[in-house]
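Listed here are the chains, written in short residue letters.
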Amino acid sequence: MNNVLLSYQSEQLKPYMNDLKLIIKNNHWNEYLSGQTTQETAYISISKEINKPVEFIIKILREARKCMAPIKEGVELVEKFRKNNHTLICLTNCPKEEVILLQQRFEFLNHFDFLLASGDICYKKPSKEAYIKLLNYCNLLPSEVLFIDDDIVPPSKTLKELLAADKDVITPLCFTFKYDDKGLPFPQPVAHRYDENKQY
């Protein structure tokens, strides 16, 4: 979701960046994202470790959420796929509670047939298990999927293994947003495919 559909407005986020890093780099946060613990338990554990009240964590996350804005090109791509009746799936490492709030705020997120948080499948991206569970959850084969992300070139070992499992796989589209001389984002799609020797 982040860096493909939504991005943080850096100037707005700057006052909260250091505190946000303290939260999201905490091990309890990762446990929460992967569904190993509840939101309440994670917040309490993090508050003890960073010596801040739970209310502080809630405030920082709320302010960070306010700094998020749609990426025009990503939204247009979603709308184009929706118009052509493609099944749309989004797997994000955002907490489920945050996903619900973002869905209420940004109408285009309702175009997705499946909008899943990593906690829904109990594995975080980019683990191989996360992708396999997602495919099983949606009853899909790798060859039936066009995978779009902002960080897959060169592909990770995990992604290579997953894609190589199906000889007819259509390999992913890297939809990385760069910035032009005016500071405006623009997509740089890079498509790859395995050859007969499974070379990427």
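Data block above holds the structure.
First things first, this report covers the structure right here in the doc. In this text, all values refer to a predicted model and were calculated from it rather than measured experimentally.

1. Description of the pattern of salt bridges
Item 1. In the structure shown here, the tally under the stated rule is 6 salt bridges.
Item 2. Residues Lys-14 and Glu-11 are paired through a salt bridge, measuring 3.3 Å at the closest nitrogen-oxygen approach.
Item 3. The shortest N-O distance in the salt bridge between Lys-96 and Asp-120 comes to 3.4 Å. A residue pair is termed long-range when its members are at least 10 positions apart, and Lys-96 in helix α7 (residues 96-105) and Asp-120 in helix α8 (residues 118-121) qualify at 24 residues.

2. Description of the packing of helix α4 (residues 39-50) against helix α5 (residues 54-66)
Item 1. As a packed pair, α4 and α5 sit with axes 8 Å apart at the nearest point and diverge in direction by 105 degrees. For the element pair α4 / α5, the angle class is roughly perpendicular. Contact residues: Tyr-43, Ile-44, Ile-46, Ser-47 and Ile-50 in α4; Val-54, Ile-57, Ile-58 and Leu-61 in α5.
Item 2. Per-class residue counts for the contact of α4 with α5 are 8 nonpolar, 1 polar and no charged.

3. Structural notes on the pairing of strand β3 (residues 89-92)
Item 1. Direction of pairing for β3 relative to strand β4 (residues 114-117): parallel, over a ladder of 4 bridges. Among the inter-strand pairings, Leu-91 is bridged to a residue of β4, identified as Leu-116.
Item 2. In the classification by handedness, the crossover that spans β3, the intervening α7 and the parallel β4 is right-handed.

4. Digging into unusual backbone geometry
Item 1. Positioned with a positive phi, Asn-51 is a non-glycine residue whose angle comes to about 60 degrees.
Item 2. The residue Asn-51 is located in the loop between α4 and α5 in this model.
Item 3. Judged by relative accessible area, which is 69%, Asn-51 ranks as exposed.
Item 4. At Asn-85, a position not held by glycine, the phi torsion is positive, near 65 degrees.
Item 5. With respect to the helices and strands, the residue Asn-85 is situated in the loop between α6 (72-83) and β3.

Cut-offs and rules
Residues numbered from 1 in each chain as written. Predicted model: local features only at pLDDT ≥ 70, side-chain atom pairs only at ≥ 80, totals over all residues. Heavy atoms only, no water. Salt bridge = Lys/Arg side-chain N within 4 Å of Asp/Glu carboxyl O. Helix = DSSP H or I, 4+ residues; strand = E, 2+ residues; numbered from the N terminus. Axes fitted to C-alpha atoms, helices over the stretch in contact; angles between N-to-C directions. Parallel < 35°, antiparallel > 145°, perpendicular 65-115°, else oblique. Contact = heavy atoms within 4.5 Å. Nonpolar A, V, L, I, M, F, W, Y, C, P; charged D, E, K, R; others polar. Pairing = 2+ DSSP bridges. Right-handed = clockwise from strand over helix to strand, strands pointing away. Buried < 20%, exposed > 50% of the residue type's maximum accessible area, 1.4 Å probe, protein only.

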